[in-house]
Amino acid sequence: MNFLELLSRPELIAAHRGANSLAPENTLSALKKSIGRADFIEIDTQLSKEGIAIIMHDDTLLRTTNVSQLSEFDSKKPYKVSDFIYDELKRLDYGSWFYRDKAQAEPLLTLHDALIFIKKNNLFLNLEIKDISSAFGDKEVVDTVVKEINDTLCSDRVLVSSFRHEYLKLIKTKLHIPTAALVEDAHPKELISYLRELGVDGYCLNDELVHRGSVEMLREEGFFVGVYTVNSAIRSHELFEMGVNFVFSDSLYKDKI
Ligand code: G3P
Ligand code: MG
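Residues numbered from 1 in each chain as written. Chains lettered and ligands numbered in written order. Predicted model: local features only at pLDDT ≥ 70, side-chain atom pairs only at ≥ 80, totals over all residues. Heavy atoms only, no water.

Chemist: So what exactly am I meant to see when it comes to the overall build of the protein chain here?
Modeler: Helix and strand counts for the protein chain stand at 10 helices and 9 strands. Within the span of the protein chain, comprising 257 residues, buried residues form 56% of the whole. For the protein chain, contacts bridging at least 24 residues in sequence account for 58% of all contacts bridging at least 6. When the accessible area of the protein chain is evaluated, it comes to approximately 11700 Å², of which 49% is carbon and sulfur surface. (Helix = DSSP H or I, 4+ residues; strand = E, 2+ residues; numbered from the N terminus. Buried < 20%, exposed > 50% of the residue type's maximum accessible area, 1.4 Å probe, protein only. Contact = heavy atoms within 4.5 Å. Areas by Shrake-Rupley, 256 points an atom, 1.4 Å probe, with all protein chains shown as cover.)

Chemist: Which parts of the structure should I look at to understand helix α9 (residues 212–220)?
Modeler: Residues separated by three or four positions in an α-helix point in the same direction, a consequence of the helix having 3.6 residues per turn. Among all positions of α9, only Ser214, Val215 and Leu218 are buried. Within α9, the buried residues cover an arc of 100 degrees as seen down the axis, which keeps them to one side. Residues of α9 that are buried make contact with α8 (191–198), β7 (202–206), β8 (224–228) and α10 (233–242). Gly222 sits one or two residues past α9 and shows a positive phi near 95 degrees. (Arc of directions from axis to C-beta.)

Chemist: Can you walk me through the coordination of the magnesium ion (ligand 2) in this structure?
Modeler: Reference geometry at the metal: tetrahedral coordination by four donors gives ideal angles of 109.5 degrees; octahedral coordination by six donors gives 90 or 180 degrees. Distances from the magnesium ion (ligand 2) to its protein donors, Glu42 (OE), Asp44 (OD) and Glu128 (OE), fall within 2.0 to 2.2 Å. Mapping the donors of the magnesium ion (ligand 2) onto the primary sequence gives the spacing E-x1-D-x83-E. Take Glu42: its relative accessible area is 2%, and that puts it in the buried class. (Donors = N, O, S within 2.8 Å, 3.2 Å for Na, K, Ca; no water.)

Chemist: Is there a simple way to think about the site of ligand 1 in this case?
Modeler: In the region of ligand 1, the neighbouring residues are His16, Arg17, Glu42, Asp44, His57, Glu128, Lys130, Phe163, Leu182, Tyr228 and Phe248. Interatomic distance of 2.9 Å between a side-chain N/O atom of Arg17 and an oxygen atom of ligand 1. At 3.1 Å, a side-chain N or O of Asp44 approaches an oxygen atom of ligand 1. The protein chains hide 91% of the 290 Å² of surface that ligand 1 would expose on its own. For the shell around ligand 1, the residue count by class is 4 nonpolar, 2 polar and 5 charged. (Near = heavy atom within 4 Å. Polar contact = N/O pair within 3.5 Å; in protein donor to acceptor, adjacent residues only side chain to side chain. Nonpolar A, V, L, I, M, F, W, Y, C, P; charged D, E, K, R; others polar.)

Chemist: Just checking my understanding: could you explain the pairing of strand β1 (residues 12–16) for this structure?
Modeler: Regular strands place side chains that alternate from one sheet face to the opposite one. Among the 5 residues of β1, 5 are classified as buried, and the element is accordingly described as predominantly covered. Residues Leu12, Ala14 and His16 of β1 are buried on one face, and the alternating residues Ile13 and Ala15, pointing to the opposite face, are buried as well. In the sheet, β1 pairs with strand β9 (residues 246–249) via 4 bridges, with the strands oriented parallel. From the neighbouring strand, Ala15 faces β9, where its bridge partner is Ser249. Pairing of β1 with strand β2 (residues 40–47) involves 3 bridges; the strand directions are parallel. (Pairing = 2+ DSSP bridges.)

Chemist: Is there a simple way to explain helix α7 (residues 165–172) in this structure?
Modeler: Buried within α7 are the following residues: His165, Tyr167, Leu168 and Ile171. Within α7, the buried residues cover an arc of 150 degrees as seen down the axis, which keeps them to one side. Where α7 is buried, its residues meet β4 (125–129), α6 (138–151), β5 (158–162), β6 (179–183) and α8.

Chemist: Looking at this structure, how should I read the packing of aromatic side chains?
Modeler: Taken as a whole and assessed by the stated rule, the structure comprises 10 aromatic pairs. Both rings, one in Phe98 and one in Tyr99, keep their centres 5.1 Å apart while their planes meet at 90 degrees; by these two values the pair is edge-to-face. Here Phe98 matches Tyr99 in class, with each residue buried. Plain terms: the ring middles of Phe163 and Tyr228 are 6.2 Å apart, the flat faces sit at 85 degrees to each other, and that makes the pair edge-to-face. Taken as a pair, Phe163 in the loop between β5 and α7 and Tyr228 in strand β8 lie far apart in primary sequence, 65 residues in all. (Phe/Tyr/Trp six-rings, centres within 6.5 Å; stacked < 30°, edge-to-face > 60°.)

Following this line, the structure appears as structure tokens:
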């Protein structure tokens, strides 16, 4: 089964940033906790200063690492990820912010290691490429991600998405892989022609933007639809009933797949 075949199944749950209510988001522990609890896993990728793909959501390291406790990095405030080389990122702890009372260190997760894990465990991954266009050219970003997917032989089990739609258009020229455009505040004008021009297979939107009419139109036009972030079972059923293919959730886990 490849990712598009998986999407033909109903009522899919994506573990948002890994199972992020059970382990620190975007870490290997969060990926492990997702097994058996979700149909696929969503994680976020961006690049270190020298261009190594790592797994991290925020633009800065402040919220999800111990960087502010290490005086050696004081000069790097506000701790933008793109200001840190890989060797520096490796020295940080990505877990103790989450566990609070029982401090537990978690190592940096690279895209390479995340993909190896997905392959080894027969899982499916939605890889969101963060918009890092202020620090890197689109081609460098896309080439780096494509190389990792190719090197790990994961193209049949990965869906690539991004709020920066230029990445998605570029990816389609390099890799036969499903893509989805992410939107947050508003739909692009002439939505269907816009998505066709991008060459994407799907559309993932903020729950606040969802209307039955647009979901039905997208599905009729052949696009799959994902909605983030949905933590209510009642709301997820409403969305599935409208025709939404999957929801990204922090907490709606399945017992077993
Ligand atoms: O891809 C869905 C969701 O992950 C997009 O929002 O900010 O959690 O990456 P964010
Ligand atoms: Mg994301």
